[in-house]
Amino acid sequence: ICKFANHAPTKKYKPGIVGIEFAILRICKLAHHAPSIKDMNLIDIPNFIKEYITKRSESLFLKDIEKNKSILTTKIKGKSVLVIGGAGTIGSSYIKAVLKFEPAKLYVVDTNENGLTELTRTLRSDANQFVPEEYRTYPMNFGDPVFKKMFLAEGPFDIVANFAAHKHVRSEKDKYSIEAMIDNNVFKAKEFLDLLLENKPEHFFCVSTDKAANPVNVMGASKKLMEEVIMAYSDELQITTARFANVAFSNGSLLAGYVERLFQKQPISCPADVKRFFVSPEESGQICMLACMLGESSDIYFPKLAEEEMVFFKDITLDFFKASSRKIIECSSDQEAKEKSLRLSEKDPYPVYFFNSDTSGEKLYEEFYTEIDEVDFDKHSALGVVKNAKKLPLLKIEETLEELKELMNSGDYDKAKIVNVLKKYLPDFEHIETGKSLDQKM
């Protein structure tokens, strides 16, 4: 505060509130003055997740970790680890989960240079956090030539995990965004697998999504295709993946956006009809670690969550303001909500606009497996495993990718043509097209 506002705050704040440092710096940067805690309406996010979203006081996967502690120690302790996309919420949570078992070497790659910086500060600043002596971060794309140079020179790596992905449904707005998404989620993943064939790790993990099960959006279809790509290599490499629920307050998520909107005194916008399964950031990393270390090649892991554990975003929103001790006023349009935010004081109810979802690719519910999947519910306490993932010949996969590349390089293509090619190879892809994108909404 002194650095940004040139004076110290007059009110003390309760230590330990998650995000307090970020909150103070962010507000000072935007408003050029030191805020009071009353202005920020900060809540303890981890406790909010436990009490109102997951409704779990401890990790869902604690029993599975404790049960397999000796196996995890054997597989991780003293090993070399490479994490791609490690600056994001899930990748960084995976890193923290793995570091509990003391690997000897950790390399982290991400295109987000600031994210890598904050990851390092977080790890280095925690008195209880183990960080291996050989720890390096690289701001680069895993599809670039410099990455290959680093990988070949600094390897071999015993454990490799890839979290680099376009994860938003909004990324299917047009042909350019779709091409970028498929390039990252599929083409680059395939190129990396070819590189791994020559430098085989003991374990390779590549993150998927619940939206790959009966996909209705291009993001889910790209991840389903990614699953089929990695399965084509599963006889040559030890490969696993995981589909999991929404990660509460993850980077770029709707809920994380609430915090940013409050900082900027902007209205909240929320779909009233969409419900999701949720895990905490900590749990997201644990799912991936358990799948990576304990799964058999070609296994697809997912959390065992009952249908009644899905939560509506609207309910979370109402609870969020309840926990913040602030009333809301429901608005009938985004325009009304924006107008009310212009005259907003700390005593006023906060403007919130609830709407019914009408954008392309939006699925109102989640599912982790399909009717034709063979699922093992007995191997783990809190994790299910899809055991019969489709394994296509590598030549068939290459044929699919080549057709997509030819279309995109032809100059004569649009979103609909890309969707049709995806449907040709993914028969369970039932695309929802409304002509509207999330980028057209608050």
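Nothing here was measured: the structure is a model prediction, and the numbers come from that model.

**Student:** Explanation requested: the overall build of the protein chain in the structure shown.
**Tutor:** If you tally the helices and strands in the protein chain, you get 17 helices and 16 strands. Here the C-alpha atoms of the protein chain give a radius of gyration of 22 Å, agreeing with the 22 Å that 2.2 N^0.38 yields for 442 residues. Summarising its shape, the C-alpha atoms of the protein chain cover approximately 65 × 50 × 45 Å along the three principal directions. In the protein chain, which comprises 442 residues, the share counted as buried stands at 52%. Split by element, the accessible area of the protein chain, about 20600 Å² in all, is 49% carbon and sulfur.

**Student:** Sorry if this is basic, but what is going on with the confidence of the model for the protein chain here?
**Tutor:** Note: predicted coordinates in regions of low pLDDT should not be interpreted at a detailed level. This prediction gives the protein chain a mean pLDDT of 88; 90% of its residues lie at or above 70. This model gives residues 1-22 a pLDDT under 50, and the stretch forms 32 contacts once residues within four places in sequence are excluded. Every residue in residues 27-40 scores below 50 in pLDDT, and together they form 28 contacts with partners more than four places removed in sequence or on other chains.

**Student:** Looking at this structure, I do not really get unusual backbone geometry. What am I missing?
**Tutor:** A negative phi angle characterises most non-glycine residues, just as the trans form characterises most peptide bonds. A cis amide bond links Gly155 with the next residue in sequence, Pro156, at an omega value of 0 degrees. Structurally, Pro156 can be placed in the loop between α9 (145-154) and β4 (159-162). With phi around 60 degrees, Phe249 is a residue other than glycine that occupies positive phi space. Residue placement: Phe249 occurs in the loop between β7 (246-247) and α12 (254-263).

**Student:** Explanation requested: helix α10 (residues 175-197) in the structure shown.
**Tutor:** Because each turn of an α-helix spans 3.6 residues, side chains separated by three or four positions in sequence point in the same direction. A rise of 1.5 Å per residue sets the reference length of α10, with its 23 residues, at 33 Å; its end C-alpha atoms lie 32 Å apart and thus fit the reference within 8%. Considering bend angle alone, the principal kink of α10 is centred on Asp183 and spans about 40 degrees.

**Student:** What exactly am I supposed to notice about the packing of aromatic side chains here?
**Tutor:** The relative placement of two aromatic rings is captured by the distance of their centres and the angle of their planes. For the coordinates displayed, the defined rule picks out 24 aromatic pairs. Here the aromatic residues Tyr107, Tyr138, Phe142, Phe147, Phe151, Phe157, Phe192 and Phe204 are joined through ring pairs into a cluster of three or more. Against the face of Tyr107 rests Lys105, its NZ or CZ located 5.1 Å from the ring centre. The ring of Phe157 has Lys105 sitting right over it, with the charged end atom 5.0 Å from the ring centre.

**Student:** Honestly, the packing of helix α11 (residues 218-232) against helix α17 (residues 415-425) in this entry has me stumped. Any pointers?
**Tutor:** Helix-helix packing is described using two parameters, namely the angle between the two axes and the distance between the axes. Viewed as axis vectors pointing N to C, α11 and α17 meet at an angle of 40 degrees, and their least axial separation amounts to 11 Å. Taken together, the axis directions place α11 and α17 in an arrangement best described as oblique. Handedness of the crossing formed by α11 with α17: left-handed. Every residue of α17 that contacts α11 at Val218, Ala221, Leu225 and Glu228 is listed here: Val419, Leu422 and Tyr425. When the residues that make up the contact of α11 with α17 are grouped by side-chain class, the tally is 6 nonpolar, no polar and 1 charged.

What counts and how
- Each chain carries its own residue numbering, running from 1 in the direction its sequence is written.
- Confidence filtering applies because this is a predicted model: local features only for residues at pLDDT of at least 70, side-chain atom pairs given and counted only at 80 or more, and all residues used for totals across whole chains, interfaces and linings.
- By convention in this description, side-chain values take in all heavy atoms of the structure and omit both hydrogens and water.
- Helix and strand definitions here come from DSSP, where helices need a minimum of 4 consecutive H or I residues and strands a minimum of 2 consecutive E residues; each element is numbered from the N-terminal end.
- As a reference, a globule follows 2.2 Å times the number of residues to the power 0.38, and the radius of gyration itself is taken over C-alpha atoms.
- Note on exposure labels: buried denotes an accessible area under 20% of the residue type's maximum, exposed denotes more than 50%, and partly exposed covers the range between, all computed with a 1.4 Å probe on protein chains only.
- Exposure was quantified through the Shrake-Rupley algorithm and a 1.4 Å probe, taking into account, for residues, occlusion by the shown protein chains and nothing else.
- Confidence of the predictor at the level of single residues is given by pLDDT, which spans 0 to 100.
- Any two residues having at least one pair of non-hydrogen atoms within 4.5 Å are treated as being in contact.
- In this analysis, the expected span of each helix is defined as 1.5 Å times one less than the number of residues it contains.
- Across the chain, bend at a residue is computed as the angle between axes fitted to the seven residues ending at that point and the seven starting from it.
- Stacked, tilted and edge-to-face pairs are distinguished by plane angle, under 30 degrees for stacked and over 60 for edge-to-face with tilted covering the rest, among Phe, Tyr and Trp rings (Trp via its six-membered ring) whose centres lie within 6.5 Å.
- The criterion for a charge sitting over a ring is simple: Lys NZ or Arg CZ within 6 Å of the ring centre, and within 35 degrees of the ring normal.
- In this analysis an axis means a line fitted to C-alpha atoms, helices contributing only their contacting stretch, and an angle means the value between N-to-C directions, from 0 to 180 degrees.
- An angle below 35 degrees is treated as roughly parallel, one above 145 as roughly antiparallel, one from 65 to 115 as roughly perpendicular, and anything else as oblique.
- Left-handed describes a crossing in which the near helix is turned anticlockwise from the far one by less than a right angle; the clockwise case is right-handed.
- By the convention adopted, Pro, Cys, Tyr, Trp, Phe, Met, Ile, Leu, Val and Ala count as nonpolar, Lys, Arg, Asp and Glu as charged, and the other residues, Gly among them, as polar.

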